[in-house]
Amino acid sequence: MSADAASPPIGRGTTKSDLATPRSSHRLSRVVVYAVLLLGWQALSTFVFPPYVLPSPLLVLQEMADIVASGLFWKHFLTTIIRLFIGFAIACVLGTAIGIAMGRSEYWREFFGDYIMLTLTTPGLVFALICAMVFGLSPLGPIVAIILTSMPHVTVNVHEGVRAIPRDLLDMAKVYEVPPAARLRHVLIPAVAPYLFTAVRYGFAIAWKITALTELFGSAAGVGFQIRTEYLVFSMRGVLAWALFLVVFAIIIERFVLMRIERDFFRWRRQAFA
Amino acid sequence: MYSTLRAPRAPAGSSGLVRLLTSPRAARLTAPLLILVAWQLVAPLIGSRLLPMPIEVVEEVGVLALEGTIWSAFGTSLMRLAVGLGLALLVGAPLGLLLGVSSRAEAFAHDFIVIGLTFPYLIWGILVSMWFGFGDVGPILVVFIAAVPYVMVNTAEGVRDVSRDLLDMARSYNVSRPHVLRHLVIPSLSPFFFAALRYGLANGWKGLVLAEVFAATSGAGWEIAGMRDIGNAAGVVVYALYFATFSILVERLVFGRLSAWVFRWRPRQPGAARATAS
């Protein structure tokens, strides 16, 4: 029960990964969407809000250029990215291990079930505050926060993948005495892989957001730290510029890198079903 | 290769106690107990100003409960959550219906939804604090922004899921409109409505507490951040525990019981489990 509690008990919730795969690639409509967004932003900043409340897109772009030119960008952006990758790598490894353990044994399912349910539903703010408090300004704070919050997303999906392995295949592998290495390579990995990709995408979406959040509360460097600095001097230009660096980076990773890897990995599938 | 992953199994002939301790049922208690022990051991190393001892937290629970701030904080937050979620349902459901019928509208909305989901709640929180100052409007708007994509997408899915054959049959047998609505459309929409509510609630809540840090002077999010600002480590942990309790209540009671009741007519099926998105 406890493991299921982390996931909707009711049939088909539409989740972010479903949203991330366009039903049809309307290239034109995409251009229109971005144009509407930019124009809307521009209109809001010229007609509704004064520039110190909502700076126009051009002002923010200018600010981004200034930040890159000043050299601050590389220092803080790289700090954040390094933390993000260390934390997320650990989360993926631990999350996969726990997910497999949960998929194979009821004991571990019960053991981790409540923790997973809690971390999936508790706001990231809580983890960010506690990590910032306990670890102070050290880089451990963001890293631990990333692990705590993104690992459950990896675990839940891997767990689901392990449970989805066809029983027949496992039984057959046992009957024909397939060696463990081959079983891993030809049964376990192909069955879990799609779930693992979903896991990584979910986990990553959580991870970069919690990195910035934790840095905001307890760090002396990084994008989150810069966002707070700019917020404290009420520079919305600065806040938006730093936020956009991170958002653009995340979109590039999620939509181009992760999706491309996923597509390459599942080449065999398209060929098999073409 | 899995043998090492299996639960430590009691050797044959061992006492009932060992079997009890290694049973899955006990595992649920073992996990929090281990955390408690680890906490008790680690806390003195870090210093109680940063990580309070469990006993200090227990004391603080009493202090805060007597003060009453926790109740009013969560009450305020829940009201904002309810208003924001209500608005998201009111606006999101009709839009979702539209997306469900028109593929052009769907293609157009898709990117807005993805962009909306990518933008961190942290930034929305800061933005609304600049736009609307400190109060209820900002946090409610963030709840709305966080919840509305889930409402739209799930409603659209539900509309697409209404069985065409059954609709055709209803038409040819001249089934009245209210009957079609009651016995065909609503039952097939309701799981999606529940998914919308669930994801909307989970994400609205996460967005809300973050927005309260920046754009409010009351509410659970504001209180926990305030506890940290004044250096009350025990207070932060107490609030964290309340957040956790709230999650359990919502998960177990609201969604467990309620959805079990609404879907009591359904045969039990293994639900496809997916993590809730951010």
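**Looking at the overall build of chain A**
The helix and strand inventory of chain A stands at 13 helices and zero strands. Per-residue burial over chain A gives 47% buried out of 274 residues. Restricting to contacts in chain A with at least 6 residues of sequence separation, those with at least 24 account for 76%.

**Observations concerning the nonpolar core**
Counting 135 residues, the largest nonpolar core has A:A128, A:L129, B:V142 and B:V236 as its most contacted members. Those residues within four positions of A:L129 in sequence are excluded, and the remaining contacts are A:F217, B:I224, B:A225, B:R228 and B:V236.

**So, the confidence of the model for chain B**
Scored by pLDDT, chain B comes out at a mean of 80, with 88% of its residues at no less than 70. Across the interface, the model reports ipTM at 0.78; the global pTM reads 0.80.

**Observations concerning helix α12 (residues 236-265) of chain A**
With 30 residues, α12(A) extends 42 Å between its outermost C-alpha atoms, agreeing within 8% with the 44 Å of an ideal straight helix rising 1.5 Å per residue. A maximum bend of about 30 degrees is found in α12(A) at A:I253. Looking at the buried residues of α12(A), the elements they touch are α4 (57-70), α5 (72-104), α10 (180-217) and α11 (223-232) of chain A together with α5 (103-118) and α6 (121-132) of chain B.

**Side note on the environment of B:L184**
Residues and elements named next belong to chain B. Mapped onto the elements of the fold, L184 is located in helix α9 (residues 177-215). Between the alpha carbons of L184 and V236 there is a distance of 49 Å; along the sequence they are 52 residues apart. Apart from residues lying up to four places away in sequence, L184 is in contact with V162, L166, L167 and A170.

Parameters at a glance
- Residues numbered from 1 in each chain as written.
- Chains lettered and ligands numbered in written order.
- Predicted model: local features only at pLDDT ≥ 70, side-chain atom pairs only at ≥ 80, totals over all residues.
- Helix = DSSP H or I, 4+ residues; strand = E, 2+ residues; numbered from the N terminus.
- Buried ≥ 20, exposed ≤ 12 C-beta atoms within 10 Å, placed from the backbone.
- Contact = placed C-beta atoms within 7 Å.
- Core = buried A, V, L, I, M, F, W, Y, C linked by C-beta atoms within 7 Å.
- pLDDT = per-residue confidence, 0-100.
- Expected span 1.5 Å × (residues − 1).
- Bend = angle between axes of the 7 residues up to and from the residue.

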